[in-house]
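Observations on chain architecture
If you want the building blocks of each chain, they are given just below.
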Amino acid sequence: MADVLPIIETMEHRLMRAWIGRDIRTLKALTSRNFRMVMGSKPCVILDARSWLDAASTRYLCKSYRFGDVYARTLGPVAIFASQLDLQATMDGEDWSGEAWVTDIWRKSRVRRKWLLMERVLSRPEDRPQIPAGIRSLQLWR
């Protein structure tokens, strides 16, 4: 399979621009009917596709975003996208801006063969410097 990074990264930007523009038609076209959004909080919270589409246009509004380092990988008809995300957003008018880690799972549809977002996991990044350094020290390929 050809390098998926440019394709998935383009889809991610389309999704985020649609969220900023409250373009429900595009958001709906990019997400699967059984889409789930998981907020990596304590406790974990899940939004289904219908709830996400409603919130993205009425209550949970994105003003701007910026991805950091991007990771993408394919596993057959599935692609995984992960990145740091600097998000400027509001929830019911209250500032919900900040940094997050986003992991998205895309799947190529069987009929039209287009990529659809199946799942999005948002969580706060680990800010203790010893964590990435410790994990890096475990890498055998260095």
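Presented here is a report on the structure given in the accompanying data block. Per chain, residues are indexed from 1 in the order of the written sequence. Whole-chain, interface and lining totals are the exception, using all residues; otherwise, since this is a predicted model, local features are given only for residues with pLDDT of at least 70 and side-chain atom pairs are given and counted only at 80 or more. Side-chain figures throughout are based on the complete set of non-hydrogen atoms in the structure, without hydrogens or water.

**Considering the overall build of the protein**
- Along its length, the protein carries four helices and seven strands.
- For the purposes of this entry, the term helix denotes a DSSP run of H or I that reaches at least four residues, the term strand denotes a run of E that reaches at least two, and both are numbered from the N terminus. When the helices and strands of the protein are read in sequence order from the N terminus, they spell out α-α-β-β-α-β-β-β-β-β-α.
- Taking contacts inside the protein between residues at least 6 apart in sequence as the whole, the part at least 24 apart equals 52%.
- Accessible surface for the protein amounts to roughly 9200 Å². Of this, 53% is attributable to carbon and sulfur atoms.
- We score Asp and Glu as negative and Lys and Arg as positive, and we do not count His or the chain ends. Charged side chains are reduced to one point each, which is NZ for Lys, CZ for Arg, CG for Asp and CD for Glu. In the protein, the 24 positive side-chain charges and the 16 negative ones have mean positions that sit 9 Å from each other. We call two residues in contact when some of their heavy atoms are within 4.5 Å. All accessible-area figures derive from a Shrake-Rupley calculation using a 1.4 Å probe, and residue coverage is judged against the displayed protein chains alone.

**Points about the environment of His13**
- Locating His13 in the fold gives a position in helix α1 (residues 5-20).
- Each residue gets one of three labels from its accessible area relative to the maximum for its type: buried under 20%, exposed over 50%, partly exposed in between, using a 1.4 Å probe on protein chains only. Judged by relative accessible area, His13 falls into the partly exposed class, the value being 25%.
- Note: C-alpha distance between His13 and Arg59 (46 residues apart in sequence) is 21 Å.
- If we ignore the near neighbours within four places in the chain, the residues touching His13 are Tyr65 and Phe67.

**Digging into unusual backbone geometry**
- Phi angles above zero are rare outside glycine, and Arg22 is one such case at about 55 degrees.
- Examined against the element boundaries, Arg22 turns out to sit in the loop between α1 and α2 (24-30).
- Backbone geometry places Asp92, a non-glycine residue, at a positive phi of 50 degrees.
- Mapped onto the secondary structure, Asp92 falls in the loop between β4 (78-91) and β5 (94-95).
- Given the relative accessible area of 49%, Asp92 is considered partly exposed.

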